[in-house]
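What follows is the residue order along each chain.
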Amino acid sequence: VASFLLISFALLAGLRFALALALLASRLGGRASRFAGWLGRMLTCVPPMGWALGTMVWLITLRGLPVETLFPYQPPLESDTASLRVGRELWSWIVPVLVLAIPVLGTSLLSLTHKLSSLLRDPAVDRFRARGLLRAQILYRHLVPLLRVHLARLARPTAATRPEIT
């Protein structure tokens, strides 16, 4: 159950961060969107174990922080408060979730930036602009709902790759 929750949280975190970065890159323009797609591709190229080891080295040696899942800390009973226990429990989940979210973030960011750039080139967007709608209104009212469908397909890879029956 713990592994399922860990992977589910990592998937949700990666997809949310990717959506936020893709929308931000879209607002900044074409070069930012291309850079975000390139960054997503580069994040995907590193295997999750590489991210895990790199994060552990960064946390332990450079930041001086513990990695609770490797070296659990048990303080003396008289100084172990409820907030300290909650903090240790959260810290033991946050690091693995974020490390596992990096490849999901990369794959999703690449896919979302490509999908969003193709949606922005759609002739319907020109009609919205002709009606006087602002770019933000077009993006958030008309294109983000389409991106939600794309996000659902990214979260279920079998649904995205299964051929449609006609």
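Residues numbered from 1 in each chain as written. Predicted model: local features only at pLDDT ≥ 70, side-chain atom pairs only at ≥ 80, totals over all residues. Heavy atoms only, no water.

## Looking at the overall build of the chain
Moving on, step 1. Along the backbone of the chain there are seven helices and zero strands.
Moving on, step 2. Counting from the amino terminus, helix and strand elements in the chain follow one another as α-α-α-α-α-α-α.
Moving on, step 3. Looking at the chain as a whole, 31% of its 166 residues qualify as buried. (Helix = DSSP H or I, 4+ residues; strand = E, 2+ residues; numbered from the N terminus. Buried < 20%, exposed > 50% of the residue type's maximum accessible area, 1.4 Å probe, protein only.)

## Looking at a nonpolar patch on the surface
Moving on, step 1. A surface patch of nonpolar side chains, amounting to about 560 Å² of accessible area, comprises V1, F4, L5, F9 and L12.
Moving on, step 2. Inspection of the secondary structure puts L5 in helix α1 (residues 2-28). (Patch = residues over 30% accessible without salt bridge, like charges linked within 9 Å, V, L, I, M, F, W, Y side chains within 5 Å. Areas by Shrake-Rupley, 256 points an atom, 1.4 Å probe, with all protein chains shown as cover. Salt bridge = Lys/Arg side-chain N within 4 Å of Asp/Glu carboxyl O.)

## A word on the nonpolar core
Moving on, step 1. Grouped together as the largest cluster of nonpolar side chains are 24 residues, with contacts concentrated most on L19, L23, L112, L116, L143 and L147.
Moving on, step 2. Looking at this core, the elements with two or more residues in it are α1, α2 (30-45), α4 (82-120), α5 (123-130) and α6 (135-155).
Moving on, step 3. Looking at which element gives the most residues to this core, the answer is α4, with seven residues.
Moving on, step 4. Contact partners of L143, with chain neighbours within four places excluded, come to L116, L119, L120, V125 and I138.
Moving on, step 5. Among the nonpolar cores identified, the runner-up in size contains five residues, and L6, A10, V97 and A101 belong to it. (Core = buried A, V, L, I, M, F, W, Y, C linked by side-chain atoms within 4.5 Å. Contact = heavy atoms within 4.5 Å.)

## Re the environment of V125
Moving on, step 1. Along the polypeptide, V125 turns up in helix α5.
Moving on, step 2. Sequence separation of V125 and L143 is 18 residues, and the distance between their C-alpha atoms is 9.0 Å.
Moving on, step 3. Setting aside residues no more than four positions away along its own chain, V125 makes contact with L119, L120, I138 and L143.

## Digging into the pattern of salt bridges
Moving on, step 1. In total, this model carries one salt bridge according to the counting rule given.
Moving on, step 2. Ionic pairing is found between D126 and R129, a salt bridge with its closest N-O pair at 3.3 Å. Residue D126 and its partner R129 are located together in helix α5, separated by three residues, close to a single helical turn.
Moving on, step 3. Judged by its relative accessible area of 45%, D126 is partly exposed.
Moving on, step 4. The class of R129 is partly exposed, set by a relative accessible area of 40%.

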